[in-house]
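Report on the structure
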Amino acid sequence: MADMCANCRNYWEQRGTSAGLCRAHPPVLVPSDGTARWPGVARSDWCGEYRIIPPPENPGIRRAVAL
Ligand code: SF4
């Protein structure tokens, strides 16, 4: 899996769009309108705070270990 925003656990994307927001840190103040927003990023972007999305849990494996 490529190290890029689309594969990062900090990335958020609204369905039907091809770009998203980086939620690695709190929203940043936009002085021009007084709002706070997360930075916009492209799916193919990347930064040093990239964090891989953990694999989904497999409840079957957990059950087998607990027995
Ligand atoms: S900018 Fe960095 S931390 Fe944010 S979504 Fe992209 S890779 Fe992840």
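First things first, this report covers the structure right here in the doc.

What counts, and where the lines are drawn
Residues numbered from 1 in each chain as written. Predicted model: local features only at pLDDT ≥ 70, side-chain atom pairs only at ≥ 80, totals over all residues. Heavy atoms only, no water. Salt bridge = Lys/Arg side-chain N within 4 Å of Asp/Glu carboxyl O. Helix = DSSP H or I, 4+ residues; strand = E, 2+ residues; numbered from the N terminus. Buried < 20%, exposed > 50% of the residue type's maximum accessible area, 1.4 Å probe, protein only. Near = heavy atom within 4 Å. Nonpolar A, V, L, I, M, F, W, Y, C, P; charged D, E, K, R; others polar. Phe/Tyr/Trp six-rings, centres within 6.5 Å; stacked < 30°, edge-to-face > 60°. Lys NZ or Arg CZ within 6 Å of the ring centre and 35° of its normal.

The subject of this paragraph is the pattern of salt bridges. This structure, assessed with the given rule, holds two salt bridges. The salt bridge partner of E13 is R43, with a shortest N-O separation of 2.7 Å. One end of the pair, E13, is in the loop between β1 (11-12) and β2 (19-22); the other, R43, is in the loop between β5 (40-42) and α1 (59-66), with 30 residues separating them in the sequence. On the accessibility criterion, R43 (35% relative accessible area) is partly exposed. We note a salt bridge from R37 to D33, for which the minimum N-O separation is 2.3 Å.

Turning our attention to the site of the ligand. Every residue close to the ligand is listed here: C5, C8, N10, Y11, C22, A24, C47, E49 and Y50. Tallied by class, the residues present in the shell around the ligand amount to seven nonpolar, one polar and one charged.

Inspection of the entire model under this criterion finds zero aromatic pairs. Above the ring of W12, the side-chain terminus of R23 is found at 4.6 Å from the ring centroid. The lysine or arginine in question, R23, covers the ring of W38, its NZ or CZ lying 4.0 Å from the ring centre.

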